[in-house]
Amino acid sequence: PYFGMPSVATCPDGNIDPLRPLILVPPQCDLSCPPPVFPPKGYELNGEFFRCAEGYGGEPAARCVIDVGAGCVSRMQLSGCEPLQRCALPALDRCVYDFSDCVDAAPGGSTCQVHCRSPYQGMTSRAFCPPGNTDPTREFSFTDPKCELVCEEVSAAPVGFVQHPYKMTAEGWQCVDNHAGQVTVTCSTSEDC
């Protein structure tokens, strides 16, 4: 698969040493490596160069390989173009963040909205998957919508408690007669949000 100008090997005049090597000026050989007639999936010829086909991303690269078993036939081998992928949803608390708009986002460059999941409240923000993404484990980049837990007022007093809106105790709550302790008011979500 190589081509170029030939060279000459000579034996010096008057040589009497049978083990003396020939004097050789190596020829200038270039490797001939024609592009494939039908580019592999994910590649297309753009003039003299290859690029990634639609639905693929990356940096195409070509190298010439020689198949010795097939009689030293050269062929161009392409690499670097991979199928475009959707970004992965961030591994965040699913009770706080709502990425439902991002589930069906187009692969390889898209934006979607991130919301706070009720009972959390905050601003809506945008999540971003970069163009040309070929890594299915890459997560969406996004600005935190600053979700804060907002709890509703308790409609019925739990057993052992009474609410006195006119007394300055923990959030207006205190223990009823025959119950003792310090009232602590907390706001949280359960495992099923």
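Residues numbered from 1 in each chain as written. Predicted model: local features only at pLDDT ≥ 70, side-chain atom pairs only at ≥ 80, totals over all residues. Heavy atoms only, no water.

1. Remarks on the overall build of the protein chain
Short version of the rule: Think of it this way: any DSSP run of H or I at least four residues long counts as a helix, any run of E at least two long counts as a strand, and we number them from the N terminus. The cut-offs for exposure are 20% and 50% of the maximum accessible area for each residue type, with area from a 1.4 Å probe on protein chains only; residues under the lower value are buried, those over the upper are exposed, and the others partly exposed. By the convention used here, residues are in contact when the closest approach between their heavy atoms is within 4.5 Å. Computed by Shrake-Rupley with a 1.4 Å probe, the accessible areas treat only the displayed protein chains as cover when residues are assessed.
Within the protein chain, the secondary structure is distributed over zero helices and 16 strands. Looking at the protein chain as a whole, 21% of its 193 residues are labelled buried. Excluding contacts between residues fewer than 6 apart, the proportion of contacts in the protein chain whose partners are at least 24 apart in sequence is 45%. Surface accessibility of the protein chain: about 14200 Å² in total, with carbon and sulfur atoms responsible for 54%.

2. Let's talk about the pattern of salt bridges
What counts, and what does not: What counts as a salt bridge is simple: a side-chain nitrogen of Lys or Arg found within 4 Å of a carboxyl oxygen of Asp or Glu.
Per the counting criterion, the structure on display carries two salt bridges. One salt bridge in this structure joins Arg 51 and Glu 44, with 2.7 Å as the shortest N-O distance. Two residues, Asp 98 and Arg 117, come together in a salt bridge whose shortest N-O distance is 3.7 Å. With Asp 98 in strand β9 (residues 97–98) and Arg 117 in the loop between β10 (110–116) and β11 (120–121), this residue pair connects regions lying 19 residues apart in the sequence. Taking the relative accessible area as the measure of exposure, Asp 98 reaches 15% and is therefore buried.

3. Observations regarding the packing of aromatic side chains
Rules: Stacked, tilted and edge-to-face are the three classes assigned to paired rings of Phe, Tyr and Trp, where Trp is represented by its six-membered ring and a pair needs centres within 6.5 Å; plane angles under 30 degrees give stacked, over 60 edge-to-face, the rest tilted.
Evaluation of the coordinates by the stated rule reveals two aromatic pairs. With 6.0 Å between their ring centres and 70° between their planes, Tyr 97 and Phe 142 make a pair best called edge-to-face. Of this pair, Tyr 97 sits in strand β9 while Phe 142 sits in strand β13 (residues 141–142), placing them 45 residues apart in sequence. Ring centres 5.2 Å apart and planes at 90° place the aromatic pair Phe 99 and Phe 142 in the edge-to-face group. Here Phe 99, found in the loop between β9 and β10, pairs with Phe 142, found in strand β13; they are 43 residues apart in sequence, far enough to count as distant.

4. Thoughts on the confidence of the model for the protein chain
Just so we agree on the cut-off: Confidence of the prediction at every residue is given by pLDDT, a number between 0 and 100.
On average, residues of the protein chain score 85 in pLDDT, and 86% of them are at 70 or above. Considering only residues more than four positions removed or in separate chains, one finds that residues 165–170, a stretch of pLDDT under 50, has six contacts.

5. Focus on a nonpolar patch on the surface
Which entries qualify depends on this criterion: Within the patch definition used here, like charges are joined within 9 Å and nonpolar side chains (Val, Leu, Ile, Met, Phe, Trp, Tyr) within 5 Å, considering only residues with over 30% relative accessible area and no salt bridge.
Residues Tyr 2, Leu 31, Ile 66 and Val 68 make up a contiguous nonpolar surface patch of roughly 370 Å² in combined accessible area. Examined against the element boundaries, Leu 31 turns out to sit in strand β4 (residues 29–31). In this structure Leu 31 comes out as partly exposed when scored by relative accessible area, which is 31%.

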